Amino acid sequence: MSLAAYCVICCRRIGTSTSPPKSGTHWRDIRNIIKFTGSLILGGSLFLTYEVLALKKAVTLDTQVVEREKMKSYIYVHTVSLDKGENHDPFSTVDIEDHECAVWLLLRKSKSDDKTTRLEAVREMSETHHWHDYQYRIIAQACDPKTLIGLARSEESDLRFFLLPPPLPSLKEDSSTEEELRQLLASLPQTELDECIQYFTSLALSESSQSLAAQKISTHCDKIEANGGLQLLQRLYRLHKDCPKVQRNIMRVIGNMALNEHLHSSIVRSGWVSIMAEAMKSPHIMESSHAARILANLDRETVQEKYQDGVYVLHPQYRTSQPIKADVLFIHGLMGAAFKTWRQQDSEQAVIEKPMEDEDRYTTCWPKTWLAKDCPALRIISVEYDTSLSDWRARCPMERKSIAFRSNELLRKLRAAGVGDRPVVWISHSMGGLLVKKMLLEASTKPEMSTVINNTRGIIFYSVPHHGSRLAEYSVNIRYLLFPSLEVKELSKDSPALKTLQDDFLEFAKDKNFQVLNFVETLPTYIGSMIKLHVVPVESADLGIGDLIPVDVNHLNICKPKKKDAFLYQRTLQFIREALAKDLEN
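Given the structure is predicted, the values throughout are model-derived calculations rather than measurements.

J.: I would appreciate a short explanation of the overall build of the protein chain in the present structure.
T.: On a plain count of helices and strands, the protein chain comes out with 28 helices and nine strands. A separation of at least 24 residues holds for 76% of the contacts in the protein chain among residues at least 6 apart in sequence. As displayed, the protein chain offers around 30,900 Å² of accessible surface, 55% of which is attributable to carbon and sulfur atoms.

Have a look at this one:
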């Protein structure tokens with residue numbers, strides 16, 4: 001700036017001079033300009049050099065700090081020999097900060113050869129809530145499938161332990177998700193398949209996810225996995241995030257596939273464990289129970305039982321240190337379900353009001369909400385099977401869904417779930433009570449099922465038509481209108497099978513000295529908008545042994561207490577505690 005000003009002044013002097021300058025004076029001015037210019041350039045260069053060096057020093061990175069930060073995002077392992085005889089440490093020996101040691105030590109413990117050590121490591125991980133995001137990600141990237149499944153089945157686990165599922169493959173050109181699902185279903189072999197499943201599969205594929213849910217043969221599960229079914233189902237699961245029914249059917253498929261241990265690694269790699277870990281924390285009991293079934297079937301560390309299609313554990317759904325001393329089984333009746341049958345009695349007040357106490361809130365499944373809290377040492381299982389009042393709807397033409405057929409099927413599933421290994425109390429509603437009677441009679445004839453009989457402590461019957469139901473009488477009288485189903489026909493008073501079942505069970509139960517409690521409705525039930533019927537009268541609900549308690553409710557509400565302190569629930573709870581008193585004390 002100074003140089004420029006000086007040059008301007010000199011030029012003005014030369015330009016405005018009135019007399020020609022002398023030659024000496026002219027050259028002296030030029031030399032002065034050169035001196036100033038040179039010194040200014042030299043000073044400017046020195047100044048710029050100084051600034052550049054200072055800036056370089058200021059932005060120089062500490063490489064040690066960078067390395068430490070890299071360690072927080074990446075996992076370093078040594079290149080090791082594949083020789084199994086050599087003992088190698090899978091983790092790097094680079095120096096790490098003290099607060100990082102816990103993460104790596106837990107990872108090492110989770111890979112221990114000792115099962116107790118592995119389980120302890122998973123428990124400690126799940127109870128840790130003070131880590132930074134990157135520390136949870138280290139575990140997520142480095143843990144093995146057993147640890148991941150264990151974390152998903154730990155109630156306190158942070159969802160940051162679970163990576164997002166891998167990207168889904170692109171759809172084929174000119175194809176849709178539904179079309180690919182139909183192609184997958186059509187590709188499954190039809191040999192060795194249940195005749196009813198064959199019928200519905202060939203009839204229509206409009207409800208593909210429900211048809212696919214029935215595929216339980218191991219070779220078919222292999223085919224689904226090999227043809228990309230795990231990824232395709234995951235795409236459907238995401239597309240139908242606003243349709244819980246579709247999502248539950250998809251979870252049924254995954255739960256059935258998880259029965260096959262050789263498919264576990266594929267299920268884990270496809271990202272389903274992360275999805276189910278989130279579903280387990282859902283406030284919706286049906287969603288969390290489907291997820292619990294999948295994860296229990298995947299967890300071979302702490303679960304020996306296998307939960308087949310329609311068998312749901314309501315408690316405990318997570319890993320627990322609480323010893324389980326007995327089982328309570330819930331079997332619904334005609335047109336019932338594993339969850340909705342056992343909800344709290346519907347009332348406008350219960351739905352609208354929102355009390356502060358959790359136990360006073362409306363529950364969609366009182367065995368899970370109330371009974372699990374009152375008796376935490378119980379394993380509570382609810383069973384689901386399809387039933388119908390009428391055959392007007394699409395049904396399998398092979399009429400094999402009799403009480404005898406269903407009881408044999410349910411007994412096999414329950415035994416696979418470990419029922420009989422502990423003391424048992426059976427709780428049934430309506431036709432479900434007939435199934436319980438038939439199952440116990442069947443088990444008594446099979447040596448491999450003897451533990452089911454020996455460990456049965458008691459049975460509760462909610463309005464079970466031991467001697468037939470008026471619903472069957474009504475349906476038969478107007479059969480051309482209702483076209484009654486096989487289940488309804490079997491409930492008629494003149495049914496030989498029903499009379500034989502009652503006589504055989506009564507003799508059997510007296511010999512075994514089972515504790516029995518019977519409830520019966522006293523109010524009629526509306527079936528549709530026009531039919532009003534007393535479904536199970538008092539005389540039909542009388543088994544012949546055990547107390548018979550009439551309750552002023554209809555057939556649907558006989559198993560739905562109005563609230564936790566209602567007589568229905570409190571008397572049920574009392575019976576369970578008395579029947580299992582010795583077992584729960586030990």
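J.: Explanation requested: the nonpolar core in the structure shown.
T.: Proteins that are soluble and globular tend to have nonpolar side chains buried together. Membership of the largest hydrophobic core comes to 53 residues, with the highest contact counts inside it found for Leu-107, Ile-139, Trp-272 and Met-276. Per-element tally for this core: the top contributor is helix α15 (residues 272–280), with seven residues. If we skip the residues at most four places from it in the chain, Trp-272 touches Leu-230, Leu-233, Gln-234, Tyr-237, Ile-250, Ile-254 and Ile-267. Val-452, Ile-453, Val-464 and Phe-505 belong to the second-largest nonpolar core, a separate cluster that totals 52 residues.

J.: What exactly am I supposed to notice about empty space enclosed by the protein here?
T.: Empty space among the atoms becomes apparent when a probe as large as a water molecule is rolled across them. Within this structure, the stated rule accounts for two cavities of 30 Å³ or more. If you add up the space inside the second largest cavity, you get close to 40 Å³. If you trace the second largest cavity, you find it lined by Ser-110, Arg-118, Leu-119, Val-122, Asp-144, Lys-146, Thr-147, Glu-301 and Arg-319. At the level of secondary structure, the elements contributing two or more residues to the lining of the second largest cavity comprise α5 (115–126) and α7 (145–152). Per-element tally for the lining of the second largest cavity: the top contributor is α5, with three residues. Taken together, the residues of the lining of the second largest cavity sort by class into two nonpolar, two polar and five charged.

J.: When you look at the sheet that holds strand β9 (residues 547–551) in this model, what are you seeing that I'm missing?
T.: Think of a sheet as strands paired side by side through backbone hydrogen bonds, with each pair either parallel or antiparallel. Read from one edge of the open sheet, seven strands run β1-β3-β2-β4-β5-β6-β9, paired in mixed fashion. What marks the edges here is a single partner per strand, and that holds for β1 (311–315) and β9. Across the sheet, the mean angle from the axis of one strand to that of its neighbour is 20°, orientation sign disregarded. Examined bridge by bridge, strand β6 (residues 515–521) and β9 share five bridges and lie parallel to one another. Bridged to Glu-521 within β9 is Val-551. Strand contacts of helix α20 (residues 431–444): β2 (326–331), β4 (424–429) and β5 (456–462), with the helix running at about 140° to β4, the strand carrying the most contacts.

J.: Looking at this model, I keep getting lost on the pairing of β4. Mind explaining?
T.: One face of the sheet, then the other: side chains in a regular strand alternate in exactly this way. Counting buried positions along β4 yields six of six residues, so the element is predominantly enclosed. Going residue by residue along β4, you find Val-424, Trp-426 and Ser-428 tucked away on one face and Val-425, Ile-427 and His-429 tucked away on the opposite face as well. Bridge count between β2 and β4: five bridges; the pairing is parallel. When the bridges of β4 are listed, Ile-331 appears paired with Ser-428. Alignment of β4 against β5, held across six bridges, turns out to be parallel. Paired with Ser-428 across the bridge in β5 is Phe-461.

J.: Even after reading the chapter, I still don't get unusual backbone geometry, so can you show me in this structure?
T.: Leaving glycine aside, a negative phi is the common case for residues, and trans is the common case for peptide bonds. Here His-315 and Pro-316 are connected by a cis peptide whose omega angle stands at -10°. Counting through the fold element by element, Pro-316 comes out in the loop between β1 and β2. In this structure, Met-335 takes a positive phi of about 65° despite not being glycine. Here Met-335 lies in the loop between β2 and α17 (348–352). By relative accessible area, Met-335 is classed as partly exposed at 41%.

Scoring rules and cut-offs
- Within each chain, residues carry numbers counting from 1 in the order of the written sequence.
- Local features in a predicted model are, by the rule used here, given only for residues with pLDDT of at least 70; side-chain atom pairs are given and counted only at 80 or more, and totals for whole chains, interfaces and linings are based on all residues.
- Calculated side-chain values reflect all of the structure's heavy atoms, with hydrogen atoms and water omitted.
- Runs of H or I in DSSP of at least four residues are treated as helices and runs of E of at least two as strands, each being numbered from the N terminus.
- Two residues qualify as a contact provided that any one of their heavy atoms is within 4.5 Å of a heavy atom in the partner residue.
- Accessible areas in this description were obtained via Shrake-Rupley with a 1.4 Å probe; residue shielding takes into account the shown protein chains only.
- Working definition of a nonpolar core: buried Ala, Val, Leu, Ile, Met, Phe, Trp, Tyr and Cys residues. They are joined through side-chain atoms within 4.5 Å.
- Using a 1.4 Å probe on the protein chains alone, a residue whose accessible area is under 20% of its type maximum counts as buried, one over 50% counts as exposed, and one in between counts as partly exposed.
- With a 1 Å grid laid over protein atoms only, a set of points is called a cavity when a 1.4 Å probe fits there but cannot get out and a pocket when it is open yet has protein on both sides within 12 Å along at least five of seven lines; lining residues have an atom within 4 Å of a point.
- Grid points are joined across faces, edges and corners, and a volume is the space filled by probe spheres set on the points.
- The residue classification treats Ala, Val, Leu, Ile, Met, Phe, Trp, Tyr, Cys and Pro as nonpolar and Asp, Glu, Lys and Arg as charged. All others, Gly included, are polar.
- DSSP calls a pair of strands paired once it identifies at least 2 bridges connecting them.
- In this analysis, axes come from line fits to C-alpha atoms, helices being fitted only over the stretch in contact, and the angle between any two N-to-C directions falls in the range 0 to 180 degrees.

These results come straight from atomic positions and should not be treated as a statement about function.
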